[in-house]
Amino acid sequence: MQPASAKWYDRKDYVFIEFCVEDSKDVNVNFEKSKLTFSCLGGNDNFKHLNDIELYNSIDPNESKHKRTDRSVLCCLRKGESGQSWPRLTKERAKLNWLSVDFNNWKDWEDDSDEDMSNFDRFSEMMNNMGGDEDVDLPEVDGADDDSPDSDDEKMPDLE
């Protein structure tokens, strides 16, 4: 039995932990006020994983949840004190070889004003703004329809 590798990141109201275990079975996630316990069987060989984490700060166990996919188990921990930054996931400062920061999802939310908008909302908004409609008026670009020759239409000298 060994701990599953995991990545974590911090948000204003939540802390997210992703346990990277492919084809997990018998997933058990236990949320306590200051502790998270994760266990499962993973991979083709049904290897047993167990992670016991003493958390940096308190969470709300009733509002925390997890979701299993074929590649990982994502845990969403509701912070006990919303708006408080977590400089690390664990209570102890020890470096754990199975735990790393998820820099793909990390952001400095303390000075970000649109934290309330989820990634899906931002994606939907971006897709709606991309257009594709025929009746959209595009801005005029100077010289775009101009057929007059310009400096890059001149013949280039032969290479030696």
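Residues numbered from 1 in each chain as written. Predicted model: local features only at pLDDT ≥ 70, side-chain atom pairs only at ≥ 80, totals over all residues. Heavy atoms only, no water.

- Going by what an unreviewed UniProt entry lists, the chain is known as Prostaglandin E synthase 3 and is assigned to Anolis carolinensis.
- Comment text from UniProt for the chain, heading Sequence similarities (unreviewed entry), reads "Belongs to the p23/wos2 family."
- For the record of the chain, the UniProt heading Pathway (unreviewed entry) holds the text "Lipid metabolism; prostaglandin biosynthesis." (UniProt positions renumbered as here; feature names shortened; annotations may be inferred.)

## Description of the overall build of the chain
- Counting its regular elements, the chain contains one helix and eight strands.
- Along the chain, helices and strands appear, N-terminal first, in the series β-β-β-β-β-β-β-β-α.
- Within the span of the chain, comprising 160 residues, buried residues form 27% of the whole.
- At a minimum sequence separation of 6, the contacts of the chain that also span at least 24 residues come to 57%.
- Of the roughly 11800 Å² of accessible surface on the chain, 46% is carried by carbon and sulfur atoms. (Helix = DSSP H or I, 4+ residues; strand = E, 2+ residues; numbered from the N terminus. Buried < 20%, exposed > 50% of the residue type's maximum accessible area, 1.4 Å probe, protein only. Contact = heavy atoms within 4.5 Å. Areas by Shrake-Rupley, 256 points an atom, 1.4 Å probe, with all protein chains shown as cover.)

## Here we look at the environment of Glu22
- Along the chain, Glu22 falls in the loop between strand E2 (14-19) and strand E3 (25-31).
- Each C-alpha atom, one on Glu22 and one on Gly43, is 5.5 Å from the other, the two residues being 21 residues apart in sequence.
- Not counting residues up to four positions away in its chain, the partners in contact with Glu22 are Gly42, Gly43, Asp70 and Arg71.

## A word on the sheet that holds E3
- The sheet built from three strands is open, its strands ordered E3-E4-E5 with antiparallel pairing. Two strands lie at the open edges of the sheet, namely E3 and strand E5 (47-54), each paired on one side alone. Averaged over all pairs of adjacent strands, the angle between their axes in this sheet comes to 5°, without regard to strand direction.
- Note: E3 against strand E4 (residues 35-42), five bridges, orientation antiparallel. Looking at E4, one finds that Lys25 is bridged to Leu41. (Pairing = 2+ DSSP bridges. Axes fitted to C-alpha atoms, helices over the stretch in contact; angles between N-to-C directions.)

## Points about the sheet that holds strand E6 (residues 65-68)
- What the five strands build is an open sheet, ordered E6-E7-E2-E1-E8; its pairing is mixed. Strands at the two margins of the open sheet, each flanked by one partner only, are E6 and strand E8 (99-101). Strand-to-strand twist across the sheet, computed as the mean angle between neighbouring axes with direction ignored, equals 20°.
- Both strand E1 (residues 6-10) and E8 contribute to a ladder of three bridges, which runs parallel. Directly across from Ala6, in E8, lies its bridge partner Leu99.

## A word on the layout of surface pockets
- Taken as a whole, the second largest pocket spans an internal volume of roughly 230 Å³.
- Contributing to the lining of the second largest pocket are 13 residues, with Trp8, Arg88, Leu89, Ala94 and Leu99 lying nearest its centre.
- Looking at the lining of the second largest pocket, the element that brings in the most residues is E8, giving three residues.
- Classifying every residue of the lining of the second largest pocket gives eight nonpolar, two polar and three charged. (1 Å grid on protein atoms, 1.4 Å probe; cavity = no way out; pocket = protein on both sides within 12 Å on 5 of 7 lines; lining within 4 Å. Points joined across faces, edges and corners; volume = space filled by probe spheres on them. Nonpolar A, V, L, I, M, F, W, Y, C, P; charged D, E, K, R; others polar.)

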